[in-house]
Amino acid sequence: MNKVFKEIVFNFDESKQEEIDELLYGEYDYYTIDSSEGKFLAVVSFYPEQLEGVKEKLTEIGLKYVGMRETKPEDWVKNIITEPFEMIEGVVVDPMDHNLEEKDKIVLKIPQGLAFGTGLHQTTKMSAAYLKKYLKPGMDVLDLGCGSGILGILAKKLGANRVVAVDNDPLAVEVAQENAVRNRVDIDVKWSDLFSNVEGKFDIIVSNIIAEILVEMLKQAKNHLKDDGILILSGIITQKSNLFDQYNVIEKMVMDEWNALVIKI
């Protein structure tokens, strides 16, 4: 995938991490850069017109703008993890295709960058942990807002029957399709704005996106859940967790400022 992206760069302030996550999480790819000149935040987009609004918002919370530059996925490798790591117990992510053969472990080949869902973020880890806990072989799973496709691929490797992975970003759909091939799994990856292009019902709907969109999704979720089906929802910053108080939350997990919920409707 020889695409050229734009990225805007800011001086990184760790005290602003929670505000940064709330502004960017689920909407943009972003990462930090450690260099001899200090630590920086880079926000990446294939759609440069989006970055002006991001620049304004990050400046408003006190980050100092450094500049904009062109970047390619291969350039990001210098700033992100390249060695395999254990995302959750029993599940290893291999960013650079080291041809791992891990006994009694699931290996996911997921390059870093390009689309959200590399296995590093707390929200992805919590979603994966709940999939591992609740998914039984033969279940049908929908990954709504799939990003890189990591959760849908994991679901298939955990023994799911039908796996559908959807996203409203065409680039994410392309990346997830490539990752499905890379991991040799048969999952249906396609464009959909929430449920607009989704057919059938599922035992599990997993969705790792921002809280406000999850709330909208829940209005239609019952139409796509089988009897006794569950929702695994992540990407909920603590300040927004009260948006889900009205729902039947059967389990909750918290990592740093992030929440993941298991809900029955």
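Figured I'd write up the structure that's included with this text. None of the values given here were measured: they were computed from a predicted structure. (Residues numbered from 1 in each chain as written. Predicted model: local features only at pLDDT ≥ 70, side-chain atom pairs only at ≥ 80, totals over all residues. Heavy atoms only, no water.)

Here we look at the layout of surface pockets
Here comes step 1: Here the largest pocket is characterised by a volume of approximately 750 Å³.
Here comes step 2: Taken together, 35 residues form the lining of the largest pocket, with G26, E27, D167, N168 and D169 sitting closest to its centre.
Here comes step 3: Listed by contribution, the elements that provide at least two residues to the lining of the largest pocket are β3 (38-45), β8 (141-144), α5 (150-157) and α6 (170-182).
Here comes step 4: Ranked by the residues each element gives to the lining of the largest pocket, the list is headed by α6, at three residues. (1 Å grid on protein atoms, 1.4 Å probe; cavity = no way out; pocket = protein on both sides within 12 Å on 5 of 7 lines; lining within 4 Å. Points joined across faces, edges and corners; volume = space filled by probe spheres on them. Helix = DSSP H or I, 4+ residues; strand = E, 2+ residues; numbered from the N terminus.)

Some thoughts on the environment of E212
Here comes step 1: Residue placement: E212 occurs in helix α7 (residues 211-221).
Here comes step 2: Considered as a pair, E212 and E27 are 185 residues apart in the sequence and their alpha carbons are 12 Å apart.

Topic: the side chain of Q122
Here comes step 1: With respect to the secondary-structure elements, Q122 resides in helix α4 (residues 122-134).
Here comes step 2: Judged by relative accessible area, which is 19%, Q122 ranks as buried.
Here comes step 3: Residues within four places of Q122 in sequence aside, it is in contact with M255, D256 and W258. (Buried < 20%, exposed > 50% of the residue type's maximum accessible area, 1.4 Å probe, protein only. Contact = heavy atoms within 4.5 Å.)

Comments concerning the sheet that holds strand β10 (residues 188-191)
Here comes step 1: Here seven strands make up an open sheet; going across it, the order is β10-β9-β8-β11-β12-β14-β13 and the pairing mixed. Looking along the sheet, the strands with just one partner apiece sit at the ends: β10 and β13 (248-255). Neighbour to neighbour, the strand axes of the sheet diverge by 15° on average, direction disregarded.
Here comes step 2: For strand β9 (residues 163-167) and β10, the ladder comprises four bridges, and the chain directions are parallel. (Pairing = 2+ DSSP bridges. Axes fitted to C-alpha atoms, helices over the stretch in contact; angles between N-to-C directions.)

With respect to the packing of aromatic side chains
Here comes step 1: For the structure shown, the criterion picks out three aromatic pairs.
Here comes step 2: Each ring, one from Y25 and one from W258, has its centre 4.6 Å from the other, and the planes form 50°; the classification is tilted. Within this pair, whereas Y25 is found in the loop between α1 (17-24) and β2 (29-35), its partner W258 is found in strand β14 (residues 258-264), the two being separated by 233 residues in sequence.
Here comes step 3: With relative accessibility at 1%, the residue W258 sits in the buried group.
Here comes step 4: Note that K55 overlies the ring of Y65, its terminal NZ or CZ placed 4.1 Å from the centroid. (Phe/Tyr/Trp six-rings, centres within 6.5 Å; stacked < 30°, edge-to-face > 60°. Lys NZ or Arg CZ within 6 Å of the ring centre and 35° of its normal.)

Re the sheet that holds strand β6 (residues 91-94)
Here comes step 1: The mixed open sheet is built from three strands, whose spatial order is β5-β6-β7. The open sheet has two edge strands with one neighbour each: β5 (85-88) and β7 (106-109). Direction aside, neighbouring strands of the sheet carry axes that sit 35° apart on average.
Here comes step 2: Across four bridges, β6 lies against β7 in parallel orientation. Bridging from a neighbouring strand, V92 pairs with V107 of β7.

So, the pattern of salt bridges
Here comes step 1: For the structure shown, the criterion picks out eleven salt bridges.
Here comes step 2: A salt bridge links E216 to K219, with the nearest nitrogen and oxygen atoms 2.9 Å apart. Of this pair, E216 and K219 both sit in helix α7, separated by three residues, roughly a single helical turn.
Here comes step 3: Connected through shared salt-bridge partners, E22, E212 and K240 make up one network. (Salt bridge = Lys/Arg side-chain N within 4 Å of Asp/Glu carboxyl O.)

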